[in-house]
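# Close look at the chain arrangement
Here is what each chain is made of, one letter per residue.
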Amino acid sequence: MMSVILTFLSILLFSILAGFLGSLTGLGGGTVLVPILTLYLGIPIIYATGSSLISTIATSSGSASAYVKERITSVRIGISLEIATTAGSIVGSLTVAYIYSLHLQYLVYIVFGIVLLFSIYPTLKKMKGEFPTPKPPDWTTKLLNLYGEYFDPANNTTVKYWGVRWWLGLIVMFFAGFISGLLGIGSGALKVIGMDYAMNLPMKVTTTTSNFMIGVTAATGSGIYWALGYIQPFLAAPTAIGVLIGSLVGTRVLVRLKNKRIRAVFLVILAFLGIQMILRGLGVF
């Protein structure tokens, strides 16, 4: 009985940390939670990914409302991209069911690691400036009215922005949704890249809008995971509670940090977890 309680509390504490980091960087708690559950707590990745989807919904519910209230989240941009992420999530969830049926779980570890490491380069390029260099509005900017502004307390200024190349962001979002369904995460890393690198939006807008979007993406995939029996209530309960607590704390911290610091945290997490997941997939870790 005591061991069960300790396991529950361990999962809860790690979930709080995952929710905090996920909310702070726009990754979604699952990106941190899945490696912790599988690499350090010995939970099979099949059930870790299922619980991760539930926790990702909690992250989005907890942090997205606060970001919308702060008027940092671009609801218009988020909704315009959700069609692609939900479609990708359905395809990814069905794909992972096929992979598990062939007992090829190691592929999930390797793909997870590659996705995280692949996300580093475009983010590293943007470390030089606090805000992206403005690009001329294109036809998608005008057609979809992808304009916005927010007040940045860290820089004590009102930031005006507009999105470009919406079509490229849409393509990236489909793959983000696919990865979400495949790996059981919110795929916030790819969502951030889609809006930061492809659409040239400020980092705080990308992270907050990503948190707004990941809940819908995860909810789409979680239905398929539940039907396949990949979601275990004992794991889903503490992860959902912990990630929700962590995400609420993360929202308080984000608005007080500079974009460069957020990117630095983002890169360290991606590199560390990406390498470890690849090593686990190759049987080294």
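In the block above lies the structure referred to throughout.
The rules behind each value
Residues numbered from 1 in each chain as written. Predicted model: local features only at pLDDT ≥ 70, side-chain atom pairs only at ≥ 80, totals over all residues. Heavy atoms only, no water. Helix = DSSP H or I, 4+ residues; strand = E, 2+ residues; numbered from the N terminus. Buried < 20%, exposed > 50% of the residue type's maximum accessible area, 1.4 Å probe, protein only. Phe/Tyr/Trp six-rings, centres within 6.5 Å; stacked < 30°, edge-to-face > 60°. Patch = residues over 30% accessible without salt bridge, like charges linked within 9 Å, V, L, I, M, F, W, Y side chains within 5 Å. Areas by Shrake-Rupley, 256 points an atom, 1.4 Å probe, with all protein chains shown as cover. Salt bridge = Lys/Arg side-chain N within 4 Å of Asp/Glu carboxyl O.

## Brief notes about the side chain of Ser15
- Looking at the secondary structure, you find Ser15 in helix H1 (residues 2-25).
- Since its relative accessible area comes to 0%, Ser15 is described here as buried.

## Let's talk about the packing of aromatic side chains
- Summed over the entire model, instances satisfying the criterion amount to 4 aromatic pairs.
- Both rings, one in Tyr225 and one in Tyr230, keep their centres 5.7 Å apart while their planes meet at 70°; by these two values the pair is edge-to-face.
- You can call Tyr225 buried: its relative accessible area is 0%.
- Assessed through its relative accessible area of 11%, Tyr230 is described here as buried.
- Connected via pairs of aromatic rings, a cluster forms that spans Tyr100, Tyr225 and Tyr230.

## Examining the environment of Leu13
- Here Leu13 lies in helix H1.
- For the pair Leu13 and Thr239, spaced 226 residues apart in sequence, the C-alpha separation works out to 8.7 Å.

## Quick notes on a nonpolar patch on the surface
- Together, Val91, Trp139, Leu143, Trp167, Ile171, Phe174 and Phe175 line one region of the surface with nonpolar side chains, adding up to about 750 Å² of accessible area.
- Listing elements by their share of the nonpolar patch, those giving two or more residues are helix H7 (139-144) and helix H8 (166-183).
- In terms of residue count, H8 provides more of the nonpolar patch than any other element does, 4 residues in total.
- Along the chain, Phe174 falls in helix H8.

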